[in-house]
Amino acid sequence: MTTDEWRLIGTVEDIPRSGARRIRIGEVDVGVFRTANDDVFALEDVCPHLGGPLSEGIVHGNEVTCPLHNMVIDLATGLSVEPTPKCVRSCLVRLEGEKVYLSKPDLRDLISQPIR
Amino acid sequence: MEDMKKKLVVIGNGMTPGRTLERIFETNPAAYDVTIFNAEPRVNYDRIMLSPLLSGEKTYEEIIIHGDGWYIDRDIMLYKGFKVDRIDRRSRIVYSGDEECAEYDKLLIATGSNPIIIPVPGHVKEGVVTYRDYDDVEAMLWAAQRGEHAVVIGGGLLGLEAAAGLAMQGMQVTVVHLMPTLMERQLDPAAGHLLQKAVEDRGISVLTEANTKEILGGPSVEGVLLDDGTELPADLVVMAVGIRPSVSVGEAAGLEINRGIVVDNRMRTSDPNILAVGECAEFEGDVYGLVAPLYQMANVAADTLLGDRTGKPFEKQVLATQLKVTGIDLYSAGDFETSENREEIVLRDARRSIYRRLVIEEDKLVGTVLYGDTANNSWYLQLIRDGENISDFRDTMMFGPGYGEGQSADVAVASLADEVEICGCNGVCKGAIVNAINEHELSTIDEVRTYTKASSSCGTCTGLVEQLLTLTLGEDYKPTAADAVCGCTDLGHDDVRKLIEVQRLQTIPDVMQSLHWKSSEGCAKCRPALNYYLLSTWPGIYEDDQQSRFINERVHANIQKDGTYSVVPRMWGGVTSADELRAIADVVEKFEIPTVKLTGGQRIDMLGVRKEDLPAVWSDLGDAGLVSGHAYGKALRTVKTCVGSEWCRFGTQDSTGLGIRIEKFMWSCWTPAKVKMAVSGCPRNCAEATCKDVGVVCVDSGYEIHIGGGSGLTVRQTELLCKVATEDEVMEFVAAVVQLYRLQGHYLERMYKWLARVGIESIKEAIVDDDERRKELYDGFVHSQSFSQHNPWAERVNGVDAHEFKPLAELDLVEVV
Ligand code: SRM
Ligand SMILES: Cc1cc2nc3c(=O)[nH]c(=O)nc-3n(C[C@H](O)[C@H](O)[C@H](O)COP(=O)(O)OP(=O)(O)OC[C@H]3O[C@@H](n4cnc5c(N)ncnc54)[C@H](O)[C@@H]3O)c2cc1C
Ligand code: SF4
Ligand code: FES
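Residues numbered from 1 in each chain as written. Chains lettered and ligands numbered in written order. Predicted model: local features only at pLDDT ≥ 70, side-chain atom pairs only at ≥ 80, totals over all residues. Heavy atoms only, no water.

### Some remarks on the overall build of chain A
Then, in step 1: What chain A contains, in helices and strands, is one helix and 10 strands.
Then, in step 2: Listing every helix and strand of chain A by position from the N terminus yields β-β-β-β-β-β-β-β-β-β-α.
Then, in step 3: Within chain A, contacts between residues at least 6 apart in sequence are counted, and of these 42% link residues at least 24 apart.
Then, in step 4: Surface summary for chain A: the accessible area is close to 5100 Å², and the carbon and sulfur share equals 49%. (Helix = DSSP H or I, 4+ residues; strand = E, 2+ residues; numbered from the N terminus. Contact = heavy atoms within 4.5 Å. Areas by Shrake-Rupley, 256 points an atom, 1.4 Å probe, with all protein chains shown as cover.)

Next up, the structure:
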């Protein structure tokens, strides 16, 4: 992929460790999560249960717990942690030093079929 | 007739005679009038538990076996702090000094042992203690508060337990041991080294082959000088070098004495009216220093005193002991001395720190030492006791009874025979426990303790009893899950709180590391709980971890189903003003807030605020003096009031003013779960005070304080805590009771659940009966408020956590597409 396929959104330091920030593209929100090990993941900010804002949840390990009714989502796969998992759409992340990039093709996918 | 009852006098009030008396009163309460003399000025407590008491893992109340009430209910005369110094056998009277004496028909001597003191120069200095009773532990705790260095002389069971406890109290501890390796009687040198390393890992220094020459210092101890010239600094010296049966009263009375007071297999001494039990008694040349055999003696003595000759007489006992230092598993049983006609099988796995030694004589197991993994101890003990021929499974016995079927502890327990003893202290076997569980439908450890006494003394068999519960009840028993904080740990809330305190754990990663959390970072259940426990245990020291708080508490507003927020400012005591109402109206218009509603808590809720607007909304509200109402927090919510004496024709006191005063004093404190209060001006109770966490009902003569009500998921009426005369007292009592709840409540446990768990009596004892404790709690609350009482909204208006309120980036659609 060429560099113009990646969109710079900020630095790792902008996101609290074991926390998340949100980016907004038009009507669509994407949660950008930073784990305690400084891995960064991005998911559509919409819980597969009833649409809760995942970026407001508690981040633990590679997982986030939704703030509305406690569904647990695996950040790496976007799947909920339960016997029959539900899925959140995700977006590839690239780290270059401190800089955080999101995949433009993935973002395009997200905004072409908004859930909310 | 009362007078016809025979008189039983008991000398010494330790664990052994305690058990004898229990059995007598259970079997025939009318048999004796009992009088007890005890040199220690206290009731019967669990001496075994002194180590957990020293380390801070237990409190004195938790280790009492018979409280004062027990004696009163049985009309027992207990002389606390009275040492018997003379027995007149001819007139059958015992004397304690010139002050007290008592006549007996039967006399039970249970004077225990005296700790040995090595008479090196300086051994009488202040700060040199032994390790035997509650006073010794007090002295050690006192020294631990003031001094830094402790030297423990003796590296046996007691010495190591003392050292571990003192280290947990924050002292620098050195163990001085005469022999080349620790516990050389139980362990061979290699295993001794494993143990030494585990002890040293706790920050304790160990000096072996070290002989104490002198204890240095002025009136108080300052150091210890060893034979080789080494000088160790010391503010405390603990001598734990052994015990000697305490026989002097018996000896003076002319009873037959050897090492101990000689008894027959019915516990009778050379005088048939006098019995002896416990560590002071000697049977067939042996004295015993562990409760399991002593409780056997206790039962036999009770039978003898009741004239029952059907019971089993006392026999020589196989002994088993366990080191009670949390995290070090060491067990030994039987006779593990080596000799010519004995063979040994040893398993050693230094990397996993496991050591097992089986001592065999003529195809029978006679002794074992297990270190690191003690799961199969009951099975080995039973083999020793039964004297079973082991030649058939000699090759595999090292791996336990379930070898070949997988090695889980459950399997080991399942394969035990019914006669195998599970609780060594109380002599309860597997069959008895399983029967009790089935027969009485027991489902908790506590119930098993009540019915069978198993696991109620030293507690080291608790794990086995839990496995029996699992085995018997299957799915229905959730051993630890029931009260574990969450799936990341087996520890319950109380355990975690206590360990945070005694191990001085001060960060969430510390807690998870030290308490062996199963997940690397916890989960959304335990993280907020730990954050609260650390915050309430270490006010001013612990730094609140925002990432371990629910979103509501992190952004100080309530999240709504559509991701917007609601904002509820405080209206002190439900009272507002034109200025406040105007500011609210302005904010609602300016930020186009869709809904404004009166809450059930006498204030106004603005719902549907966009997250990014929150700081600006707060800023405008703040200008009018409005602060956060914590409607989102595990914190003080509202203090509802009624109009009270200022307006109401029935009002007896200024309930509105008092409500405001309480709210201004207590707002912004974090609590286990939300706390709601109310003050009503008379018993008509228009503020509904008797269904709140704390409710005050004013009456002519003062104020009733009620606690533990609720009207949400469950409707519960409060219980009356007490009545006080002045507003100032209300403030003190209310703050103290909330502080007690802050320290004892489990995270998310409302006050009414806490009350149901600990009981109103224990709360009254702390708050109403004990002025000092109440003051201490009140001061604790005030101290904690000094760090927490500020308006979180104002801080965020000024830029705290700004990242929470604005997106990281707003991307241009065109650019992405
Ligand atoms: C706003 C309000 C309803 C209203 O419009 O009146 C309200 C709203 C909520 N209540 Fe309540 N409760 C409100 C008064 C009450 C009352 C009445 C009272 O306080 O006098 C009760 C019963 C009294 C009691 O607590 O015993 C009440 C018992 C509950 C409960 C059950 C608690 C329990 O342990 O029994 C919950 C659930 C919980 O806390 O787990 C709850 C939970 C909630 C939550 C926080 C639900 C949630 O978790 O998101 C609601 C948040 C709405 C929001 O964002 O503002 N709310 N809630 C009231 C705010 C009062 C205030 O000024 O702070
Ligand atoms: C720190 C520690 C840890 C221990 N851990 C274990 C363990 O894990 N497992 C185990 O099985 N055992 C353990 N023990 C040993 C166990 O506690 C004792 O074996 C048991 O308590 C002895 O009971 P007893 O009734 O014989 O005497 P004690 O409990 O010693 O009671 C004797 C009482 O008699 C009083 N007394 C003495 N002389 C007189 C007199 N002349 N007049 C009036 N009163 C008098 C004393 O003040 C004392 O209160 C431990 C002991 C200690 C100190
Ligand atoms: S009762 Fe309370 S929790 Fe239930 S819908 Fe109403 S405000 Fe929400
Ligand atoms: S919306 Fe996420 S758990 Fe319900």
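Still more to cover.
### Considerations on the sheet that holds strand β18 (residues 236-239) of chain B
Residues and elements named next belong to chain B.
Then, in step 1: Taken together, the five strands give an open sheet; going across it, the order is β11-β18-β12-β13-β14, and neighbouring strands pair in parallel fashion. Pairing within the sheet leaves two strands with one partner each, and these edge strands are β11 (128-130) and β14 (205-207). Recorded for the sheet is a direction-independent mean angle of 20° between the axes of neighbouring strands.
Then, in step 2: Here helix α6 (residues 157-168) sits on the sheet in contact with β12 (149-153), β13 (172-176) and β18, set at roughly 170° to β13. (Pairing = 2+ DSSP bridges. Axes fitted to C-alpha atoms, helices over the stretch in contact; angles between N-to-C directions.)

### Some points on the confidence of the model for chain B
All names here are of chain B.
Then, in step 1: Across chain B, the average pLDDT comes to 90, with 97% of residues at 70 or higher.
Then, in step 2: Looking across chain B, the model is least confident in helix α11 (residues 409-414), with a mean pLDDT of 61, and most confident in strand β36 (residues 675-680), with 98.
Then, in step 3: Considering only residues more than four positions removed or in separate chains, one finds that residues 404-409, a stretch of pLDDT under 50, has six contacts.
Then, in step 4: Quick note on the complex model: pTM equals 0.59, ipTM equals 0.67. (pLDDT = per-residue confidence, 0-100.)

### A closer look at the pattern of salt bridges
Then, in step 1: Counted by the stated rule, this structure contains 51 salt bridges over all chains.
Then, in step 2: Arg34 of chain A is the salt-bridge partner of Asp38 of chain A, the closest N and O atoms lying 2.8 Å from each other.
Then, in step 3: Of the charged contacts, one joins Lys498 of chain B and Glu62 of chain B as a salt bridge, the two residues approaching to 3.2 Å between their closest N and O atoms. Highlighted residues: Lys498 of chain B in helix α15 (residues 493-502) and Glu62 of chain B in helix α3 (residues 60-63), separated in sequence by 436 residues.
Then, in step 4: When salt bridges that share partners are traced, they join Arg22, Arg24, Asp29, Asp45 and Glu56 of chain A together with Arg554, Lys611, Glu612 and Glu804 of chain B into one network. (Salt bridge = Lys/Arg side-chain N within 4 Å of Asp/Glu carboxyl O.)

### Notes on the nonpolar core
Residue and element names in this part refer to chain B.
Then, in step 1: The biggest cluster of nonpolar side chains holds 135 residues, and the ones touching the most others in it are Val94, Ile109, Leu166 and Leu195.
Then, in step 2: At eight residues, helix α9 (residues 291-305) tops the list of elements feeding residues into this core.
Then, in step 3: Counting residues domain by domain, this core receives three or more from each of domain 1 (2-113 + 245-305) and domain 2 (117-241).
Then, in step 4: Those residues within four positions of Leu166 in sequence are excluded, and the remaining contacts are Leu54, Met140, Ala150, Val152, Met171, Val173, Leu236 and Val238.
Then, in step 5: By size, the runner-up hydrophobic cluster in this structure holds 41 residues, among which are Ala673, Phe733, Tyr741 and Phe781. (Core = buried A, V, L, I, M, F, W, Y, C linked by side-chain atoms within 4.5 Å. Buried < 20%, exposed > 50% of the residue type's maximum accessible area, 1.4 Å probe, protein only. Domains from an automatic or database assignment.)

### A few points about empty space enclosed by the protein
Then, in step 1: For the structure on display, the rule yields six cavities of 30 Å³ or more.
Then, in step 2: Estimates place the volume of the largest cavity at around 170 Å³.
Then, in step 3: In terms of lining, the largest cavity is formed by 17 residues, of which the most central are Arg22 and Glu56 of chain A together with Lys611, His803 and Glu804 of chain B.
Then, in step 4: The leading source of residues in the lining of the largest cavity is strand β2 (residues 19-25) of chain A, at five residues.
Then, in step 5: Looking at the lining of the largest cavity residue by residue, the class counts come to four nonpolar, four polar and nine charged.
Then, in step 6: There is about 70 Å³ of room inside the second largest cavity.
Then, in step 7: Around the second largest cavity, the lining residues are Pro528, Asn531, Tyr532, Leu535, Ser548, Arg549, Phe550, Glu553, Lys634, Trp670, Thr671 and Tyr747 of chain B.
Then, in step 8: By residue number, the principal contributor to the lining of the second largest cavity is helix α17 (residues 526-537) of chain B, which donates four residues.
Then, in step 9: Considered class by class, the residues forming the lining of the second largest cavity number six nonpolar, three polar and three charged. (1 Å grid on protein atoms, 1.4 Å probe; cavity = no way out; pocket = protein on both sides within 12 Å on 5 of 7 lines; lining within 4 Å. Points joined across faces, edges and corners; volume = space filled by probe spheres on them. Nonpolar A, V, L, I, M, F, W, Y, C, P; charged D, E, K, R; others polar.)

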